[in-house]
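# A structural walkthrough
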Amino acid sequence: MTARNKQQVARQFSRAAASYDKAAGIQQQVVTALLNDLPPFHGHWLDIGCGTGVALPHLRNRGAASVTGIDLSEGMLASAAAHADSQTQLVLADADDLPVADASADGIFSSLMLQWSEAPELTLAEWRRTLNNDGQLVLATLLPGTQRELEQAWQAIDSHRHVNDFVPLPRLEQLLRQAGFTQLSIRQACLQEQHPDLNQLLRTLKQIGATNVNPDRRQGLGGRRALQQLQHHYPTVCSDGQTVYPLSYEVAWITAKAGSVPA
């Protein structure tokens, strides 16, 4: 399978930087829950895929002596600057190739970035490289079933892939252990947002940069007819007497310790 274009992902998030925080309701719920999962900590932490930087001051206030916020999107880092203090550094970098010395970080915080990795086994190995022994990983990622309503509707229309692929939880656990992480603690939940119409749903996805990046995706939405078909097939529900368009997110929150680096 052809790999995703990382620069395309970076560009779509840069375009969404200005609108992201206002539109990212589910994403804000996820990062808030992940911050609540933080164990007692200190030292130097990395926020990988820091986005607009909402977690940066919380990491500093909760115990990190210094924080490095890392993202591949220039636009996101520009927004993150508003949340950075004198002990926070912002770095434009690929999560698979971090400009960070071996065993130099005490912890990694990452909310909803790992699902964009084309090779999570390599990403996790790179993250483990940067952590000292007993360093901590605090991670949130998306699982299969995310955006299942959108996927179901498109499957009735054409054979293209319209929803990004997600790593199943058992496979993700395996990859974490292979990378050298131990003492895994995992919880999973389905979060759902509801939209009054399909246009708002699609507009929200664009505003948070969460559009389809599969290499065999259909270019564009296919025009008015395709949108009419999508609306016809989309599984709506009734909420408070109103027809709404739900969109589900299967989320895993994971904490782990850095064990011995695999030989």
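Residues numbered from 1 in each chain as written. Predicted model: local features only at pLDDT ≥ 70, side-chain atom pairs only at ≥ 80, totals over all residues. Heavy atoms only, no water.

### What to know about the side chain of threonine 123
Checked against the element boundaries, threonine 123 lands in helix 5 (residues 120–130). Not counting chain neighbours up to four residues away, the residues in contact with threonine 123 comprise Ala95, Asp96, Leu114 and Ser117. (Helix = DSSP H or I, 4+ residues; strand = E, 2+ residues; numbered from the N terminus. Contact = heavy atoms within 4.5 Å.)

### Section: the pairing of strand 5 (residues 131–142)
Burial of strand 5 is extensive: nine of the twelve residues sit out of reach of the surface. When strand 4 (residues 105–111) meets strand 5, the two strands line up parallel, connected through six bridges. Paired with serine 110 across the strands is leucine 139, a residue of strand 5. Where the polypeptide runs from strand 4 across helix 5 and back to strand 5, its parallel neighbour, the crossover connection is right-handed. The pairing of strand 5 with strand 8 (residues 242–258) spans seven bridges and is antiparallel. Following the sheet pairing, valine 138 is matched in strand 8 by threonine 255. (Buried < 20%, exposed > 50% of the residue type's maximum accessible area, 1.4 Å probe, protein only. Pairing = 2+ DSSP bridges. Right-handed = clockwise from strand over helix to strand, strands pointing away.)

### Some points on the pattern of salt bridges
In the structure shown here, the tally under the stated rule is five salt bridges. Residue aspartate 37 pairs with arginine 187 through a salt bridge whose shortest N-O separation is 3.1 Å. Within this pair, whereas aspartate 37 is found in the loop between helix 2 (25–36) and strand 1 (44–48), its partner arginine 187 is found in strand 6 (residues 181–195), the two being separated by 150 residues in sequence. Classification of aspartate 37 as partly exposed rests on a relative accessible area of 25%. For arginine 187, a relative accessible area of 36% corresponds to the partly exposed category. (Salt bridge = Lys/Arg side-chain N within 4 Å of Asp/Glu carboxyl O.)

### Some thoughts on the pairing of strand 4
Each regular strand displays side chains that alternate between the two surfaces of the sheet. For strand 4, the tally of buried residues reaches six of seven residues, placing the bulk of the element in the interior. By the bridge criterion, three bridges tie strand 1 to strand 4 in an arrangement that is parallel. If you follow tryptophan 45 over to strand 4, its bridge partner there is glycine 107.

### Here's the deal with the nonpolar core
Of all hydrophobic cores here, the largest spans 41 residues; its most connected members are Phe109 and Leu150. Only helix 2, helix 3 (56–62), strand 5, helix 6 (148–155), helix 8 (198–207), helix 9 (223–233) and strand 8 provide two or more residues apiece to this core. The element that contributes the greatest number of residues to this core is helix 2, accounting for six residues. Apart from the residues within four sequence positions on either side, phenylalanine 109 is in contact with Val31, Leu34, Leu35, Leu38, Trp45, Leu46, Asp47, Ile48, Ala55, Leu59 and Val138. Core analysis: the second largest hydrophobic core is formed by 29 residues, Ile70, Ala93, Leu137 and Leu169 among them. (Core = buried A, V, L, I, M, F, W, Y, C linked by side-chain atoms within 4.5 Å.)

### As for unusual backbone geometry
The phi dihedral of aspartate 134 falls on the positive side, at around 75°, and the residue is not glycine. With respect to the helices and strands, the residue aspartate 134 is situated in strand 5. In this structure, aspartate 240 takes a positive phi of about 55° despite not being glycine. Among the structural elements, aspartate 240 can be located in the loop between strand 7 (237–239) and strand 8.

### Comments concerning the environment of leucine 201
Within the secondary structure, leucine 201 is located in helix 8. Note on leucine 201: relative accessible area 0%, which makes it buried. As for leucine 201 and leucine 247, which are separated by 46 residues in sequence, their C-alpha atoms are 8.0 Å apart. Not counting the four nearest positions on each side in its chain, leucine 201 is found in contact with His195, Tyr234, Tyr245, Pro246 and Leu247.

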